[in-house]
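Report on the structure
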Amino acid sequence: MTPEPDTEPRPRPTRPAPGTLRPAGTFTTKRELVYASLRDAIQSGRLRAGDRLIISTIASELGVSDVPVREALFQLEAEGLIESEPHVGATVSGLDPVEVRDVYLASAIVEGAAAALAVPKMSNDDHRKLEETLNELESAVAANDVEALAGLDQHLHRTLYARCPSAHLLMLVEQLWATKERVRTAYPARGRGRASQLEHQAIVAAVTRGDTASVETLIRDHLRRAGIARSAALETDGEASSPH
């Protein structure tokens, strides 16, 4: 990664603005602090595609030296969350509709498999939690509360695969969720709340029946449709922001 120059050859949103980075939790090293703070800001949408990351600004915001910032940027670049441009420096990577569909497709396969393995190990308490979350989702859909929908949707899905006995599958699910969360925050699939809720109801009903095959199929279809909706939202945003 090439450090950014002292001068800007062309206008570019410069971040992070004060308060953009909100470190939470306990970190063993300063590099971990910087990495976690930047990663969370990118995934949550506080840092958006094209935003330029200034090392000195980040260091000042988090109270560290330039060294751990550079180390964190190298790691984020390796993960594809940021990219380096000659004479510009580090910027937040863009989102591509094809990549979004691909991430959701991979998530559909992995999360469906994880949930199918989890179903036989679920307790009555797990079933109760799913039903309670469904009811809360119903209220959020009726109120068109986008923020509540996002949080409840994530809680429902995590409950579906939490009992999966495969640590490797769970690791893959979480990695894919990290990318999906960035897309979900930046490009909400508006108008899909009711359809998504009906799909959730069918999934939970299959879980209650202990029908693992249906659970896997329904989750795959659910996430595939979600990916199509998110990529369409991204394409629409790109068309709206491009010059004509």
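Residues numbered from 1 in each chain as written. Predicted model: local features only at pLDDT ≥ 70, side-chain atom pairs only at ≥ 80, totals over all residues. Heavy atoms only, no water.

**Observations concerning the overall build of the protein chain**
Put simply, the rule reads: By definition, any uninterrupted DSSP run of H or I lasting at least four residues is a helix, any uninterrupted run of E lasting at least two residues is a strand, and each is numbered from the N terminus. Buried, partly exposed and exposed residues are distinguished by accessible area as a fraction of the type maximum, computed with a 1.4 Å probe on protein chains only: under 20%, between the cut-offs, and over 50%, respectively. Contacts between residues were defined by any pair of non-hydrogen atoms, one from each residue, lying within 4.5 Å.
Looking only at helices and strands, one finds nine helices and four strands in the protein chain. Order of helices (α) and strands (β) in the protein chain, N terminus to C terminus: β-α-β-α-α-β-β-α-α-α-α-α-α. For the protein chain, with 244 residues in total, the buried portion stands at 42%. Expressed as a percentage of contacts within the protein chain between residues at least 6 apart in sequence, the contacts between residues at least 24 apart total 76%.

**Topic: the side chain of Ser231**
Its place among the elements puts Ser231 in helix H9 (residues 212-241). Judged by relative accessible area, Ser231 falls into the buried class, the value being 2%. Setting aside chain neighbours within four positions, we find Ser231 in contact with Pro97, Val100 and Arg101.

**Topic: the pairing of strand S4 (residues 89-92)**
What counts, and what does not: At least two DSSP bridges between two strands are required for those strands to pair.
Pairing between strand S3 (residues 82-85) and S4: four bridges, direction antiparallel. Its bridge partner being in S4, Glu83 is matched across the sheet by Thr91.

**With respect to the pattern of salt bridges**
Side-chain pairs of opposite charge can arise where the charged atoms are in close proximity. Stated formally: Salt bridges, as used here, are contacts in which a Lys or Arg side-chain nitrogen is within 4 Å of a carboxyl oxygen on Asp or Glu.
Evaluation of the coordinates by the stated rule reveals twelve salt bridges. When the shortest N-O distance is used, the salt bridge between Glu174 and Arg158 registers 2.6 Å. Pair noted here: Glu174 is in helix H7 (residues 167-186) and Arg158 is in helix H6 (residues 146-161), with a separation of 16 residues, a long-range link. Its salt-bridge partner being Glu216, residue Arg220 comes within 3.2 Å of it at the nearest N-O pair. Here the residue Arg220 and the residue Glu216 both occupy positions in helix H9, the gap between them amounting to four residues, near one helical turn. For Arg220, a relative accessible area of 34% puts it in the partly exposed group. Shared partners join several salt bridges into a network, and the residues in it are Asp125, Arg128, Lys129 and Glu132.

**Re the environment of Glu235**
Of note, Glu235 is situated in helix H9. With relative accessibility at 36%, the residue Glu235 sits in the partly exposed group. Between the alpha carbons of Glu235 and Leu95 there is a distance of 9.7 Å; along the sequence they are 140 residues apart. Residues contacting Glu235, with those up to four places away along its chain left out, are Pro97 and Arg101.

**Side note on the side chain of Ser107**
Position of Ser107 relative to the elements: it lies in helix H4 (residues 97-118). Since its relative accessible area comes to 2%, Ser107 is described here as buried. Setting aside anything within four residues of it in sequence, one finds Ser107 in contact with Gly112, Leu176, Lys180 and Leu223.

**Some remarks on unusual backbone geometry**
Positive phi, normally seen in glycine, also occurs at Asn144, with a value near 55°. Along the chain, the position of Asn144 falls in the loop between helix H5 (124-143) and H6.

**Focus: the nonpolar core**
Across soluble globular proteins, nonpolar side chains show a tendency to be buried alongside one another. Rules: Working definition of a nonpolar core: buried Ala, Val, Leu, Ile, Met, Phe, Trp, Tyr and Cys residues. They are joined through side-chain atoms within 4.5 Å.
Ala114, Leu130, Leu160, Val173, Val207, Val215 and Ile219 are the most contacted members of the largest nonpolar core, which totals 30 residues. Elements with a contribution of two residues or more to this core: H4, H5, H6, H7, helix H8 (193-209) and H9. No other element matches the six residues that H4 contributes to this core. When sequence neighbours within four positions are dropped, the list of residues in contact with Ala114 reads Tyr161, Cys164, Leu169 and Val173.

**Brief notes about the packing of aromatic side chains**
What counts here: Side-chain rings of Phe, Tyr and Trp, where Trp is taken by its six-membered ring, are said to pair if the distance between their centres is within 6.5 Å; with planes under 30 degrees apart they count as stacked, over 60 as edge-to-face, and otherwise as tilted. Both a distance and an angle decide whether a charge sits over a ring: NZ of Lys or CZ of Arg must be within 6 Å of the ring centre and within 35 degrees of the ring normal.
Across all of its chains, the model carries zero aromatic pairs by this definition. Of note, Arg158 hangs over the ring of Trp177, and the distance from its end group to the ring centre comes to 5.4 Å. It is Lys180 that lies over the ring of Trp177; its NZ or CZ is 4.1 Å from the centre.

**Regarding the environment of Glu79**
When you line up the elements, Glu79 lands in the loop between helix H3 (66-78) and S3. Setting aside chain neighbours within four positions, we find Glu79 in contact with Tyr35 and Arg39.

**Here we look at H3**
Residues three or four positions apart in an α-helix share a direction because the helix packs 3.6 residues into each turn. We count it as follows: A helix is expected to reach a length of 1.5 Å times the quantity of its residues less one. Arc definition: directions from the helix axis to the C-beta atoms.
Its 13 residues give H3 an end-to-end C-alpha distance of 19 Å, which sits within 8% of 18 Å, the value for a rise of 1.5 Å per residue. Every buried residue of H3 is listed here: Pro68, Val69, Ala72, Leu73 and Leu76. Projected onto a plane normal to the axis of H3, the buried residues spread over an arc of 140° and lie on a single side. Exposed residues lying more than 90 degrees from the buried face of H3 are Val67 and Ala78. Residues of H3 that are buried sit in contact with helix H1 (30-44), strand S2 (52-53), helix H2 (55-62), S3 and S4.

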